[in-house]
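The lines below spell out each chain.
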Amino acid sequence: MTTSQRSDREQREIGRMPRASRISVTAAYAAQALGYAVLVTSLPALKERQQVDDMTISLILLGVSVAAALGSVLADLVAVRWGSRAALATGLIIEAALLPVIAFETPFAVFVGALAVYGVGLGCVDAASAMQGMLVQRSYGRSLMGGFFAGYTAAAIAGALLVSGVAASAVGAGVAITVAAVVILAVALVGTRLFAQDVPVDEALPKAERSKLPRAGIWAFGVVILAVFVVDSSVSTWSTVYLQDNLQALAWVAPLGYAVYQACILVTRLATDRLLPRIGRVRLVLIATLVSIVGCLLVALLPFAAAAVVGFGLAGVAVGAVVPVTFGAAGELDPAHSDQVIARVNIFNYAGVIVGAVLVGVLAGGPSLGLGFLIPAVVLLAVLFVLRWFRTTRSARDAATPSAASTA
């Protein structure tokens, strides 16, 4: 089958894509966020149950990030052979199977092993949900990725509230994690029928064409994802510590930095799909990046709680807008290899998580933690050097024309 024939067939499949696919993919984003948020907010209770220290938990989470990178590779392999629907369902089922093992008391070795395998599922879902999001977006002929990621952020907030509601005990954490596992499994089972159906690369392209990927574009968008997740990891890991330990903020003020950060991410993601047609990708990414750089500078240079809270909120603007826009642009680099491109770009996500948590954390033991937030500000400057990659390509415009897509 030639590339042209493959494209025609894919567009016919996309054109018949029902609205249920959009809803089910949104549910997958939400289920992923719910499970992860419940898990990480339960870590204090799990740490106490396993009787380990903070350093051990940090090393375990580092291992989860490495496993997640392997999960992104798994998503690529499954999607190429059976399609992104199968990849997404596979990742969700892995998560749903491992979360109950984590939820209740097990030997430490089993606990660590379960977290590692869960990490594989986490990475698989991260990559495959973006593949599916791009497929649905092409079917509508307009930007939807902001909405998918907004569902993710809203569910993450709900997950944190769920853990808060069942109390920070080992039993309560186990209940919350099990509830998340049930939700994830339900989404996976429904998704096996309702996730968007695409044509696998192995079926659609000759063998000689399967490895012809836009590698320069993958690296460009990968750098952007890495930079943004350095910001995300830095704020998520260290904002409360900085406010509480370095700025001596009141107990009720310390969590506000992270809360305002998440709120700004949610608002930005809800606005992204509407802003894109008005100002375009390049301008939106530029504005969001500059706003977040200013936010990081506020945190680093003004040692006051109010300035830090505002700064953390502004830092969330790039995370809110640039992540969905980047995955959308990456998926349009080469529509015939969209799944493969997205899986590779997604790997940079976990590199950013590790860099943000570790480099800023190096300064956490002394009075210079605030200056550590200069690191994400500097890393974000890299985005400005690859802005040209966000210009809409011809293939992207063709993929979004009314003749090739349905607004079902």
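Whatever comes next refers back to the structure up there.
Residues numbered from 1 in each chain as written. Predicted model: local features only at pLDDT ≥ 70, side-chain atom pairs only at ≥ 80, totals over all residues. Heavy atoms only, no water.

Asks: When you look at the overall build of the protein in this model, what are you seeing that I'm missing?
Replies: Looking only at helices and strands, the protein has 15 helices and zero strands in total. For the protein, buried positions account for 53% of its 408 residues. A total accessible area of about 16600 Å² is found for the protein, and carbon and sulfur atoms account for 68% of it. (Helix = DSSP H or I, 4+ residues; strand = E, 2+ residues; numbered from the N terminus. Buried < 20%, exposed > 50% of the residue type's maximum accessible area, 1.4 Å probe, protein only. Areas by Shrake-Rupley, 256 points an atom, 1.4 Å probe, with all protein chains shown as cover.)

Asks: I tried to follow helix 14 (residues 374-384) on my own but got confused; where do I start?
Replies: Because each turn of an α-helix spans 3.6 residues, side chains separated by three or four positions end up pointing in the same direction. Turning to helix 14, its buried residues are Pro376, Ala377, Leu380 and Val383. The buried residues of helix 14 occupy an angular sector of 100 degrees when projected down its axis, which confines them to one face. For helix 14, the elements touching its buried residues are helix 10 (215-246), helix 11 (256-301) and helix 13 (338-362). (Arc of directions from axis to C-beta. Contact = heavy atoms within 4.5 Å.)

Asks: Explain the environment of Val345 here, please?
Replies: One can find Val345 in helix 13. If sequence neighbours within four positions are ignored, Val345 has contacts with Ile218, Phe221, Gly222, Ile225, Phe327 and Ala330.

Asks: I keep staring at the pattern of salt bridges and nothing clicks. Help me out?
Replies: Pairing of side chains with opposite charge becomes possible as their charged atoms draw close. Under the counting rule described, the total for this entry stands at two salt bridges. With a closest N to O distance of 2.5 Å, Arg344 and Asp76 form a salt bridge. Residue Arg344 is located in helix 13, and its partner Asp76 is located in helix 4 (residues 54-82); the two are separated by 268 residues in the primary sequence. You can call Arg344 partly exposed: its relative accessible area is 27%. Take Asp76: its relative accessible area is 11%, and that puts it in the buried class. Of the charged contacts, one joins Glu332 and Arg281 as a salt bridge, the two residues approaching to 2.4 Å between their closest N and O atoms. Of this pair, Glu332 sits in the loop between helix 12 (305-331) and helix 13 while Arg281 sits in helix 11, and the two are 51 residues apart along the sequence. (Salt bridge = Lys/Arg side-chain N within 4 Å of Asp/Glu carboxyl O.)

Asks: For this particular structure, what's the right way to read unusual backbone geometry?
Replies: For residues besides glycine, phi is generally negative; the peptide bonds are generally trans as well. In this model, Gln51 sits at a positive phi of 55 degrees, which is unusual for a non-glycine residue. With respect to the helices and strands, Gln51 occurs in the loop between helix 3 (43-50) and helix 4.

Asks: I keep staring at the packing of helix 10 against helix 13 and nothing clicks. Help me out?
Replies: Relative orientation and spacing of two packed helices are given, respectively, by the angle between their axes and the distance between those axes. One way to put it is that helix 10 packs onto helix 13 with a least axis distance of 6 Å and a crossing angle of 35 degrees. For the element pair helix 10 and helix 13, the recorded crossing hand is right-handed. Residues of the contact of helix 10 with helix 13, tallied by class, amount to 17 nonpolar, eight polar and one charged. (Axes fitted to C-alpha atoms, helices over the stretch in contact; angles between N-to-C directions. Left-handed = near helix turned anticlockwise from the far one by under 90°. Nonpolar A, V, L, I, M, F, W, Y, C, P; charged D, E, K, R; others polar.)

Asks: Help me out: how do you make sense of the environment of Gln51 in this one?
Replies: For Gln51, a relative accessible area of 73% gives the class exposed. Counting along the chain gives 57 residues from Gln51 to Phe108, while the straight-line C-alpha distance between them is 9.2 Å.

Asks: Just checking my understanding: could you explain the packing of aromatic side chains for this structure?
Replies: Note on aromatic pairs: each is described by the distance of the centres and the angle between the planes. For the structure shown, the criterion picks out 10 aromatic pairs. Between Tyr29 and Phe148, the aromatic rings sit 5.5 Å apart at their centres with planes inclined by 5 degrees, giving stacked as the arrangement. On the criterion of sequence distance, the pair formed by Tyr29 in helix 2 (residues 19-41) and Phe148 in helix 7 (residues 145-165) is long-range, its members being 119 residues apart. Residues Tyr29 and Phe148 agree in their burial class; the two are buried. Where Phe149 meets Phe327, the ring centres are 6.1 Å apart and the plane angle is 15 degrees; that geometry is what we call stacked. Pair noted here: Phe149 is in helix 7 and Phe327 is in helix 12, with a separation of 178 residues, a long-range link. Taking the relative accessible area as the measure of exposure, Phe327 reaches 3% and is therefore buried. Among the aromatic side chains, those forming a connected cluster through ring pairs are Tyr29, Phe148, Phe149 and Phe327. For Arg22, the ring lying beneath its charged end belongs to Tyr140, and the centroid distance is 5.1 Å. (Phe/Tyr/Trp six-rings, centres within 6.5 Å; stacked < 30°, edge-to-face > 60°. Lys NZ or Arg CZ within 6 Å of the ring centre and 35° of its normal.)

Asks: Mind showing me how you'd approach the nonpolar core here?
Replies: The tendency in soluble globular proteins is for nonpolar side chains to be buried as a group. Counting 114 residues, the largest nonpolar core has Leu92, Ile102, Phe312 and Phe327 as the members making the most contacts within it. Broken down by element, this core gets its largest block of residues, 15 residues, from helix 6 (residues 108-140). If we ignore the near neighbours within four places in the chain, the residues touching Phe327 are Ala130, Met134, Met145, Phe149, Ile225, Ile342, Val345 and Asn346. (Core = buried A, V, L, I, M, F, W, Y, C linked by side-chain atoms within 4.5 Å.)

Asks: Explain a nonpolar patch on the surface here, please?
Replies: Residues Leu297, Leu301, Leu302, Phe304 and Leu371 make up a contiguous nonpolar surface patch of roughly 460 Å² in combined accessible area. Within the secondary structure, Leu297 sits in helix 11. Classification of Leu297 by relative accessible area gives partly exposed; the value is 32%. (Patch = residues over 30% accessible without salt bridge, like charges linked within 9 Å, V, L, I, M, F, W, Y side chains within 5 Å.)

Asks: Sorry, what's going on with the side chain of Ser292 here?
Replies: Residue position: Ser292 is located in helix 11. The class of Ser292 is buried, set by a relative accessible area of 0%. Here the side chain of Ser292 touches Ala315 through a polar contact of 2.9 Å, landing on its backbone oxygen. If we skip the residues at most four places from it in the chain, Ser292 touches Leu314, Ala315, Gly316, Val317, Ala318 and Leu380. (Polar contact = N/O pair within 3.5 Å; in protein donor to acceptor, adjacent residues only side chain to side chain.)

Asks: Any chance you could explain the side chain of Ser21 here in plain terms?
Replies: Tracing the backbone shows Ser21 in helix 2. Classification of Ser21 as buried rests on a relative accessible area of 2%. Residues contacting Ser21, with those up to four places away along its chain left out, are Val136, Leu194, Phe195 and Ala196.

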